[in-house]
Amino acid sequence: MAKPMHVGHIRSTVIGDALQRILQFLGNDVVSDNHLGDWGTQFGMIIYGYRHFVDSTAFAQAPIAELGRLYRLVRELMDYHDGCARLPDLKQQAAAARATADNMRQATVPTDKQEAKKHDKAIKQAVNRSKELADSLADLQAKLSRVESNRSLHKLATQHAEINESVLQETAKLHAGDEENRSLWEQFLPQCRADIQEIYDRLGVKFNFELGESFYHPMLADVVLALAAKGMVKISEGATCVFLDGFDAPMIVRKKDGAFLYATTDLATIQYRMKHWQPDAILYVVDFRQGDHFQKLFAAARQWGYHQVEFQHVSFGTVMGPDGKPFRTRAGDTVGLAGLLDEAEAKALEVVNRLDDQREPSEQMDSAARREVAKVVGIGALKYADLSQNRTSDYEFSLEKMVALEGNTATYIQYAYARVQGIFKRGGIDIQQLRDAGSAIVIADDAERQLALQLLQFDEAIIDAAADYRPNLLTNYLYELARSYASFFDRCPVLKAESDNQRDSRLLLCDLTARTLKQGLKLLNIDVVDRM
RNA sequence: GCCCCCGUAGCUCAGGGGAUAGAGCAGAGCUUUCCUAAAGCUAAGGUCGCAGGUUCGAAUCCUGCCGGGGGUACCA
């Protein structure tokens, strides 16, 4: 929470929100809880930053921006010292790896075919390893020299040589109840919350609970005691550990300095949820890189006695940068989440304006209506871009793709919906009356058949999406349905149908399509508009 | 080293035992006196990383290999 939200944070929010809606729609009693990171080292960082580097004027004017700046500055200084500490070791490793690779290349190749192959492979691996180390060494050196070439920054780095330890101390002090840090935290937290809330509001995302990590802090000591009472913990290298079958490393629940960790918090969270909500299942919508952690957490929770509950790590892939590495906001690169939403809405508005201008003046929307459409379309495009991806795979972040309004996008589906509404409006159709009249649906054209078949598969799509917690199965369905409708729209005149029977039948198909699309999008928390 | 995930069209990705493997984007072409062309349609584009195996049948399951990403004792 103490750092600005960036594009990587959108997946958890959007996927979790969609799953929550889908499961609820199927009749489950769902509790959504935003497990906010409001208690970690990041707060130690901004507390440290505030103490040493704050620009009071800037903070008074725009606290969040200033806190963001402080976070980035402290991060950079910490990384610098980390890097300096790692440098000699890395240099040595790189040199050693290089020497190994060179030696292997000069060694005689075994005559035995199998052995020769093995030898070849070993060389390849050694060369790769050497290259990898050389690359990371170069990266590190570049990073360090960036700081060193910036006089004022380098000066700060020199002055704050102990920053890493100090940040941990600030965090520890906060946790220990230090009054000053506590009051700083209480001052920062509402700012950070408000900043995040702004994003949630724009996304239309709501939670039943937002019990952050800090909420569980008072329970952590008891959790460790309870585990100890069960004989589950061992002290190893000064840390309080839970050793679990099938895992090399233990789950540490209390550090040697006495501090608790997220594993402890997560156990406390399970305890709390089981006591207060008695769920049948707990889903964790979290990046797949935390898979190991959850495997351990679930195993520990079972051992602790929570057998009657299904634990699910609903993991999702990493958002990658164009370089194929996990996406990071680079220095100076300000594509935060807020900027991304702005971008999506601006792009949509541009398209709305361009297309609406081409229409008859009498059919055009006023600027307020256009802005509303742009908002719905822009935000929808963004969410859909994420949801339509198989959640388990990584994906390459592309602004262009995220704000695209053509092809397999929410826009396409919203457009199909708006076309239906256009027909109803133009024809002056009282759709409720038509539904009540109970006219028959008559299938004559292939396009009608295709559309009708698609309509019948809605429940299957929802059930499939819920079964594996995969919203993309629902987006696939909605896209296919919208495609069927587009063909139908092209080939089968509705208002100018050949007979009243055919006209009523087609109107009913339109109605069913619109309702299905709207309901489906609603499950993804994507809105529709009557005209666009 | 050990563990997890991925490799499908030029690019980004669906499909995860059953028919001639799909879409979007990019590129070629066509469609607007007709309910919204943010659309529709046509053609082109693939030894589904490689090699074995299981099966009546494998992109899909198993094994090995190659390539990429991630995790791996006190960050979350």
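Residues numbered from 1 in each chain as written. Chains lettered and ligands numbered in written order. Predicted model: local features only at pLDDT ≥ 70, side-chain atom pairs only at ≥ 80, totals over all residues.

Enquirer: I would appreciate a short explanation of the overall build of chain A in the present structure.
Expert: When its secondary structure is counted, chain A shows 21 helices and seven strands. Across its three principal axes, chain A shows a C-alpha extent of roughly 85 × 70 × 55 Å. Relative to its full complement of 532 residues, chain A shows a buried share of 31%. For chain A, restricting intrachain contacts to residue pairs at least 6 apart in sequence, the fraction spanning at least 24 positions comes to 77%. (Helix = DSSP H or I, 4+ residues; strand = E, 2+ residues; numbered from the N terminus. Buried ≥ 20, exposed ≤ 12 C-beta atoms within 10 Å, placed from the backbone. Contact = placed C-beta atoms within 7 Å.)

Enquirer: Explain the environment of K91 to me, please; I cannot follow it from the model alone.
Expert: Of note, K91 is situated in helix α4 (residues 63-106). Judged by the 14 C-beta atoms lying within 10 Å of it, K91 falls in the partly exposed class. Remark: the alpha-carbon pair of K91 and L189, spanning 98 residues in sequence, is separated by 41 Å.

Enquirer: Would you explain the pairing of strand β4 (residues 281-287) in this entry?
Expert: Both faces of the sheet carry side chains from a regular strand, because those side chains alternate between them. In the sheet, β4 pairs with strand β5 (residues 310-316) via seven bridges, with the strands oriented parallel. Bridge assignment links D287 to a residue of β5, and that residue is F316. Handedness of the β4-helix α12 (residues 291-304)-β5 crossover: right-handed. (Pairing = 2+ DSSP bridges. Right-handed = clockwise from strand over helix to strand, strands pointing away.)

Enquirer: Would you explain the domain arrangement of chain A in this entry?
Expert: What the domain assignment reports for chain A is domain 1 (37-168) and domain 2 (373-391 + 398-523). A separation of 50 Å is found between the C-alpha centroids of domain 1 and domain 2. (Domains from an automatic or database assignment.)

Enquirer: Is there a simple way to think about the sheet that holds strand β3 (residues 251-254) in this case?
Expert: The pairing of strands in a sheet happens through backbone hydrogen bonds and is either parallel or antiparallel. Read from one edge of the open sheet, three strands run β1-β2-β3, paired in antiparallel fashion. Both edges of this open sheet fall to β1 (233-236) and β3, since each of them pairs with a single strand only. Strand-to-strand twist of the sheet, defined as the mean angle between neighbouring strand axes without regard to direction, takes the value 45°. (Axes fitted to C-alpha atoms, helices over the stretch in contact; angles between N-to-C directions.)

Enquirer: Please explain the protein's contact with RNA strand B as it appears in this structure.
Expert: Near RNA strand B you find 66 residues, and of these K255, N390, G407, A418 and G422 are the closest. Elements represented by at least two residues in the surface near RNA strand B include exactly α5 (113-148), β2 (239-242), α12, α13 (337-357), α14 (367-387), β7 (395-396), α16 (410-427) and α20 (471-491). Tallying contributions element by element places α16 first for the surface near RNA strand B, with eight residues. Split into classes, the residues belonging to the surface near RNA strand B amount to 27 nonpolar, 20 polar and 19 charged. (Near = placed C-beta within 6 Å. Nonpolar A, V, L, I, M, F, W, Y, C, P; charged D, E, K, R; others polar.)

Enquirer: How should the confidence of the model for chain A be read in this particular structure?
Expert: In regions of low pLDDT, the predicted coordinates are not meant to be interpreted in detail. Taken residue by residue, chain A gives an average pLDDT of 90. The fraction at 70 or more is 96%. Across residues 330-334 the pLDDT falls below 50, and counting only partners more than four positions away or on other chains, this stretch makes one contact in the model. With pTM at 0.92, the complex prediction returns an ipTM value of 0.95. (pLDDT = per-residue confidence, 0-100.)

Enquirer: Quick question: what am I supposed to make of unusual backbone geometry here?
Expert: Negative phi characterises most residues that are not glycine, and trans characterises most peptide bonds. Positioned with a positive phi, Q278 is a non-glycine residue whose angle comes to about 45°. Looking at the secondary structure, you find Q278 in the loop between α11 (262-276) and β4. At Y469, a position not held by glycine, the phi torsion is positive, near 55°. Tracing the sequence through the fold places Y469 in the loop between α19 (458-467) and α20.

Enquirer: Please clarify how the nonpolar core should be interpreted in this entry.
Expert: Membership of the largest hydrophobic core comes to 68 residues, with the highest contact counts inside it found for A344, A381, L382, I413, L474, L478 and L517. Breaking this core down by element, the ones donating at least two residues are α1 (10-25), α13, α14, α16, α19, α20 and α21 (500-523). The contact partners of L478, leaving out residues within four places of it in the chain, are I413, L517, G520 and L521. Formed by 22 residues, the second largest nonpolar core is a distinct cluster that contains M1, W39, Y50 and W185. (Core = buried A, V, L, I, M, F, W, Y, C linked by C-beta atoms within 7 Å.)

Enquirer: Quick question: what am I supposed to make of α4 here?
Expert: Helical geometry: 3.6 residues make up each α-helical turn, so side chains three or four residues apart lie on a common side. Here α4 contains 44 residues, and its C-alpha end-to-end distance of 61 Å stays within 8% of the 64 Å for a straight helix at 1.5 Å per residue. Bending of α4 peaks at approximately 40° at the position of L87, with proline P88 no more than four residues after it. Residues of α4 that are buried include every one of E66, L67, L70, V74, L77, Y80, A94 and A101, and no others. (Expected span 1.5 Å × (residues − 1). Bend = angle between axes of the 7 residues up to and from the residue.)

Enquirer: Help me understand the environment of R491 in this model?
Expert: Here R491 lies in helix α20. Considered as a pair, R491 and A85 are 406 residues apart in the sequence and their alpha carbons are 69 Å apart. Here R491 is in contact with D445 and A447, once residues within four sequence places are set aside.

Enquirer: Just to check I follow, could you spell out the pairing of β1 for this structure?
Expert: As defined by bridge partners, β1 adjoins β2 across four bridges and the pair is classed as antiparallel. Looking at β2, one finds that I235 is bridged to T240. Remark: two residues form the turn of the hairpin made by β1 and β2, two consecutive strands paired antiparallel; E237 in that turn has positive phi of roughly 50°.

Enquirer: Looking at this structure, how should I read helix α10 (residues 220-229)?
Expert: All of the buried residues in α10 are L220, V223 and L227. The buried residues of α10 occupy an angular sector of 50° when the element is viewed end-on, so they sit on one face. Seen from the buried face of α10, the exposed residues on the opposite side, beyond 90 degrees, are D222, L225 and A229. Next to the buried residues of α10 lie α9 (213-216), β1, β2, β3, α11 and α12. Phi for G231, located one or two positions after α10, is positive at around 70°. (Arc of directions from axis to C-beta.)

Enquirer: What's the story with the packing of α4 against helix α8 (residues 179-203) in this structure? I'm lost.
Expert: Between two packed helices, both the angle of their axes relative to each other and the distance between the axes serve to describe the pair. The contact between α4 and α8 brings their axes to 10 Å, and the two run at 100°. When the axes of α4 and α8 are compared, the pair comes out roughly perpendicular. Residues P63, I64 and L67 of α4 form the contact with α8, whose own contacting residues are F188, Q191 and D195. (Parallel < 35°, antiparallel > 145°, perpendicular 65-115°, else oblique.)

Enquirer: Please clarify how the packing of α19 against α20 should be interpreted in this entry.
Expert: Close contact between α19 and α20 brings their axes to 7 Å; oriented N to C, the two are set at 160°. Taken together, the axes of α19 and α20 are roughly antiparallel relative to one another. Side by side, α19 and α20 meet where A461, I462, D464 and A465 of the first sit next to P471, L473, L474 and Y477 of the second. Of the residues assigned to the contact of α19 with α20, the class counts are seven nonpolar, no polar and one charged.

Enquirer: Before we go on, may I ask you to explain the environment of L517 in this structure?
Expert: Structurally, L517 can be placed in helix α21. Taking the C-beta count within 10 Å as the criterion, L517 has 23 such neighbours and is therefore assigned buried. The sequence separation of L517 and L481 amounts to 36 residues, and the corresponding C-alpha distance is 7.9 Å. Each residue touching L517, except ones within four places of it in the same chain, is listed here: I413, A416, Y417, L478, L481 and A482.

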